[in-house]
Amino acid sequence: MKKPYKIAAKAIIFDQGRVLVLRKSTEERSARDNHGWDFPGGGLEPEEPLMDALAREVREETGLQVKVVAPAYIYDEIQEEKHLIIIKFACHQPSGTLRLSAEHDSYHWIALDELDTAPFPEWMKEEIKRAHRVYTQFLTK
């Protein structure tokens, strides 16, 4: 049986030597049984372009608008009910007032020089570092 694809876009947002990390709400964490740390973003709607979905999801979850630098990380996982593909983008220049949707209960601007001691899973720290390399290369062009 073929599994349907689900495509999601996530933003790893940098601003003034910091990166934005969200904490999923208690309800979201218990429903999915996971660590609860997250980047803003989510799934594409049918016939929605990828970049439009990223902008919409970031705005819905944080109230922010961001400028996309470039793709930084692609992850896929074949789950029981679907084939999940997540594309994470290095982003910067957030504008607007940060206000969370009900999906998240807190946000954290983490200084990049404190990332190694932050309470995030190692894979998340690696994704942030990879996105930061993409972001830094963009700035030096």
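What counts, and at which threshold
Residues numbered from 1 in each chain as written. Predicted model: local features only at pLDDT ≥ 70, side-chain atom pairs only at ≥ 80, totals over all residues. Heavy atoms only, no water. UniProt positions renumbered as here; feature names shortened; annotations may be inferred. Buried < 20%, exposed > 50% of the residue type's maximum accessible area, 1.4 Å probe, protein only. Helix = DSSP H or I, 4+ residues; strand = E, 2+ residues; numbered from the N terminus. Pairing = 2+ DSSP bridges. Phe/Tyr/Trp six-rings, centres within 6.5 Å; stacked < 30°, edge-to-face > 60°. Lys NZ or Arg CZ within 6 Å of the ring centre and 35° of its normal. Core = buried A, V, L, I, M, F, W, Y, C linked by side-chain atoms within 4.5 Å. Contact = heavy atoms within 4.5 Å.

- If you check an unreviewed UniProt entry, the protein appears there as NUDIX hydrolase from Polycladomyces zharkentensis.
- Taken from UniProt, the Sequence similarities (unreviewed entry) comment for the protein reads in full: "Belongs to the Nudix hydrolase family."
- Reading the Cofactor (unreviewed entry) entry of the UniProt record for the protein gives the comment "Mg(2+)".

## Here's the deal with the pairing of strand β6 (residues 83–95)
Line of reasoning, step 1. Within β6, ten of the 13 residues are buried, leaving the element largely enclosed by the surrounding structure.
Line of reasoning, step 2. Pairing of strand β1 (residues 5–15) with β6 involves ten bridges; the strand directions are parallel. If you follow Ala11 over to β6, its bridge partner there is Phe89.
Line of reasoning, step 3. The pairing of strand β5 (residues 65–78) with β6 spans eleven bridges and is classified as antiparallel. Note on β6: the bridge partner recorded for Lys67 is His92.

## Observations concerning the packing of aromatic side chains
Line of reasoning, step 1. Going through the model one piece at a time under the given rule, you end up with two aromatic pairs.
Line of reasoning, step 2. Between the aromatic rings of Phe14 and Tyr135, the centroid separation amounts to 5.2 Å while the plane-to-plane angle is 15°, which identifies the pairing as stacked. Of the two residues, Phe14 sits in strand β1 while Tyr135 sits in helix α3 (residues 122–139), which places them 121 residues apart along the sequence.
Line of reasoning, step 3. Directly above the aromatic system of Trp37 lies the positively charged group of Arg23, at a separation of 4.6 Å from the ring centroid.

## Some points on the environment of Arg133
Line of reasoning, step 1. Summarising the element assignment, Arg133 is placed in helix α3.
Line of reasoning, step 2. Arg133 gets classed as partly exposed once you look at its relative accessible area, which sits at 48%.
Line of reasoning, step 3. It is 8.6 Å that separates the C-alpha atoms of Arg133 and Ala72, two residues lying 61 residues apart in sequence.

## A word on the nonpolar core
Line of reasoning, step 1. Counting 18 residues, the largest nonpolar core has Phe14, Val21, Ala90, Phe120 and Ile128 as its most contacted members.
Line of reasoning, step 2. Put simply, the parts of the chain that give this core at least two residues each are β1, β2 (18–24), β5 and α3.
Line of reasoning, step 3. Element by element, the count of residues in this core is highest for α3, at five residues.
Line of reasoning, step 4. If near-sequence neighbours (up to four positions away) are discounted, Phe14 is found in contact with Val19, Ala90, Cys91, His92, Gln93, Pro94, Leu112, Ile128, Ala131, His132 and Tyr135.
Line of reasoning, step 5. Counting 13 residues, the second-largest nonpolar core is a separate cluster that includes Ala9, Val58, Leu64 and Ile87.

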